[in-house]
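Each chain, written out:
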Amino acid sequence: MSLNLCPIILFFFFFFFILTISRVGAIGINWGNTASHPLPPPKVVELLKSNNITKVKLFDADPLVLPALSGSNIGVTVGIPNTMLRSFNSSKKAAESWVHDNVTRYFSNGGSGVRIEYVAVGDEPFLQRYGEQFHPFVIGAATNIQAALIKANLEGKVRVVVPCSFDAFLSESNLPSKGHFRSDLNKTMIQLLTFLSKHGSPFFVTISPFVTIHQNKNISLAFSLFKETAHPHNDSHRTYKNSFDLSYDTLINALSIVGFPKIDIVVAQIGWPTDGATNATPSIAETFMKSLINHLHSKLGTPLRPQDPPIETYIFSLLDEDERSITTGNFERHWGVFTFDGQAKYQVDFGQGSKNLVNAQNVEYLPSKWCVVNNNRDLSNASARASEACYVADCTALSPGGSCFNISWPGNISYAFNSYYQQHDQRTDSCDFGGLGLITTVDPSVGNCRFSVELHTSQSDSLHRACYVQWTTLLTTILVCLLRFTL
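What this report covers is the structure whose coordinates are included nearby. (Residues numbered from 1 in each chain as written. Predicted model: local features only at pLDDT ≥ 70, side-chain atom pairs only at ≥ 80, totals over all residues. Heavy atoms only, no water.)

What follows is about the overall build of the chain. Along its length, the chain carries 14 helices and 14 strands. Considering only intrachain contacts with a sequence separation of at least 6, the fraction spanning at least 24 residues in the chain is 72%. Summed over all atoms, the accessible surface of the chain reaches about 22,300 Å², with 55% contributed by carbon and sulfur. (Helix = DSSP H or I, 4+ residues; strand = E, 2+ residues; numbered from the N terminus. Contact = heavy atoms within 4.5 Å. Areas by Shrake-Rupley, 256 points an atom, 1.4 Å probe, with all protein chains shown as cover.)

Pasting the structure below:
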């Protein structure tokens, strides 16, 4: 009797198809809240769902954010700020308390809770400019958080990771084959990778093509944007056609040197800013983002990991944040795919079938009022007043290459005044500036230079955002002290 091979062939075809699809990493997004007037969490969750974004990475475990994610079925990474690492390194009880309050309390077992997938221990604690401030505490904190998850019966359901910065690895020659971890990190990295491998956790890492072109004259803009016309970089018999693959394989080589060549990788942060610096524009960001997503979904991988792309990639970032540190550069406040109020800066398909990004709906703003310079006054002291305003408010769009860099004096003074005025909830006294300020209902925006009107947020929400990390750090420290006295 002849054997009908069709069902068998179809079965194996389907099996290999599913296997291939499973290696196409999910694309998520980072959601930070370092903003003076953050978009309310329910609005942000609505924004995520409207754009079919299925994974989100947080930088803390904000009690206003996690309830908003409940029932959304969005995969969530909750974060532990660097300031808490010392406490969790020294106290298992502190780690258990944090896991209970921020993971177990919200965790979904298929119900209506939050689908927490990872706990990120620290926010790039190995960043070079931090020195060794957090190094001694990372492994101990991760170990104690892991133990707390095991005690809470969440082992295997929630995995512990440590996000590593783009400068944790390098190649002095720009060749991936010479890639290695920083010498001050070698011992810690081996300990971390051993820990991750033991518990089946991936390696979280930032890749930053934008920062790379500003720090490395050998990397061109075209190379960073995946342009076919870009001059390729050769490393022995391997050819690199874009900055992402070059950085990724530099990491792969660094991992191989310390004995972990096959560990799964999650690109925890990658993006392109839209303001505050040269080459930071929405159009360039759109080109980069579309090219990156196409590259990830092509499943080509890299020369050192062909057909093996990162298991997940998190775009940085969802929204602009006007209170982010600008130590690295003024562009740091403009990473958002969306503006601070949830309006798309450009169009990109995250790969879930959405053709155009959907804006946040029914956003509540402060009244349509702006603060500008009063041209009828003596403006000899106006520049000094504007500098004082910018010391507090966000004036990064006035930077060289920024969207407001080319507006003439005294328009730039007005921009500074308005930024301060909006940040202070349009209080009348915040548009004084020694009598130089004037409140107007006529929008002073010029071309691409937008004079914003801030979001309407409750005073309690604003105070909560400003104090959340400080209070949680203080409470954790107090808990550790009390435990030391009672043990």
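Once that is clear, we can look at helix H11 (residues 282-297). Helix length check: H11 (16 residues) gives 22 Å between terminal C-alpha atoms against 22 Å at 1.5 Å per residue, within 8%. Residues of H11 that are buried sit in contact with strand S1 (26-31), helix H8 (209-215), helix H9 (221-224), helix H10 (243-257), strand S11 (265-270) and strand S12 (312-315). Lys299 lies just past H11 and shows a positive phi near 65°. (Expected span 1.5 Å × (residues − 1).)

Here the focus is the packing of helix H5 (residues 92-104) against helix H6 (residues 135-151). Axis separation between H5 and H6 bottoms out at 8 Å; the angle between their running directions is 55°. Taken as axis vectors, H5 and H6 run oblique relative to one another. Judged by the twist between their axes, the crossing of H5 over H6 is right-handed. Contact residues: Lys92, Lys93, Ala95, Glu96, Trp98, Val99 and Val103 in H5; Asn144, Ile145, Ala148, Leu149 and Lys151 in H6. (Axes fitted to C-alpha atoms, helices over the stretch in contact; angles between N-to-C directions. Parallel < 35°, antiparallel > 145°, perpendicular 65-115°, else oblique. Left-handed = near helix turned anticlockwise from the far one by under 90°.)

Overall, parallel pairing links the eight strands, which are arranged S5-S4-S3-S2-S1-S12-S11-S8 in an open sheet. The sheet terminates laterally at strand S5 (159-161) and strand S8 (203-206), the two strands that pair on one side only. The mean inter-strand angle of the sheet, taken between neighbouring strand axes irrespective of direction, is 25°. Where S1 meets S12, four bridges bridge the pair, whose relative direction is parallel. Directly across from Gly28, in S12, lies its bridge partner Tyr314. Strand contacts of helix H7 (residues 186-198): S5 and S8, with the helix running at about 130° to S8, the strand carrying the most contacts. (Pairing = 2+ DSSP bridges.)

Take unusual backbone geometry next. Phe316 connects to Ser317 through a cis peptide bond whose omega is 15°. Within the fold, Ser317 resides in the loop between S12 and strand S13 (370-373). With an omega dihedral of 5°, the bond running from Trp409 to Pro410 counts as a cis peptide bond. Backbone geometry at Ser236 places phi at a positive 60°, although glycine is not the residue there. Inspection of the secondary structure assignment puts Ser236 in the loop between strand S9 (233-235) and strand S10 (238-240).

Let us look at the pairing of S8. Burial along S8 is two-sided: Phe203 and Val205 and Phe204 and Thr206, pointing in opposite directions, are all buried. Judged from the four bridges that link them, S8 and S11 form a sheet pairing that is parallel. Its bridge partner lying in S11, Phe203 is registered against Ile265. (Buried < 20%, exposed > 50% of the residue type's maximum accessible area, 1.4 Å probe, protein only.)

This part takes up the packing of aromatic side chains. To describe a pair of aromatic rings, you give the distance between the ring centres and the angle between the ring planes. Counting across every chain of the model gives 17 aromatic pairs. Aromatic side chains Phe59 and Phe316 sit 6.3 Å apart centroid to centroid with 80° between the ring planes, which places their arrangement in the edge-to-face category. On the criterion of sequence distance, the pair formed by Phe59 in the loop between strand S2 (55-58) and helix H3 (66-69) and Phe316 in the loop between S12 and S13 is long-range, its members being 257 residues apart. Looking at Phe59, the relative accessible area reads 18%, which means it is buried. A ring pair is formed by Tyr130 and Phe134, whose centres lie 5.5 Å apart and whose planes are at 90°; its orientation type is edge-to-face. Since its relative accessible area comes to 24%, Tyr130 is described here as partly exposed. Overall, Phe134 belongs to the buried group, its relative accessible area being 10%. (Phe/Tyr/Trp six-rings, centres within 6.5 Å; stacked < 30°, edge-to-face > 60°.)

Enumeration according to the criterion identifies three disulfides in this entry. The partner cysteine of Cys371 in its disulfide is Cys431, sulfur to sulfur 2.0 Å. Judged by the torsion about the S-S bond (85°), the Cys371/Cys431 disulfide is right-handed. Within this pair, whereas Cys371 is found in strand S13, its partner Cys431 is found in the loop between helix H13 (411-423) and strand S14 (437-440), the two being separated by 60 residues in sequence. For the pair Cys371 and Cys431, a shared accessibility class is recorded, and that class is buried. Between the sulfur atoms of Cys390 and its disulfide mate Cys395 the distance is 2.1 Å. Across the disulfide from Cys390 to Cys395, rotation about the S-S bond amounts to roughly -90°, and the bridge is consequently left-handed. Look at Cys390 and you get partly exposed, because its relative accessible area is 27%. Across the chain, the disulfide pattern expressed with sequentially numbered bonded cysteines is 1-5, 2-3, 4-6. (Disulfide = S-S within 2.5 Å.)

Turning to the nonpolar core, a few remarks are in order. Considering soluble globular proteins, one finds that nonpolar side chains tend to be buried as a cluster. Ranked by internal contacts, the top residues of the largest apolar core, which has 109 residues, are Leu69, Trp98, Ile145 and Phe203. Within the second largest apolar cluster, 14 residues are counted, among which are Ala382, Ala389, Cys395 and Tyr421. (Core = buried A, V, L, I, M, F, W, Y, C linked by side-chain atoms within 4.5 Å.)

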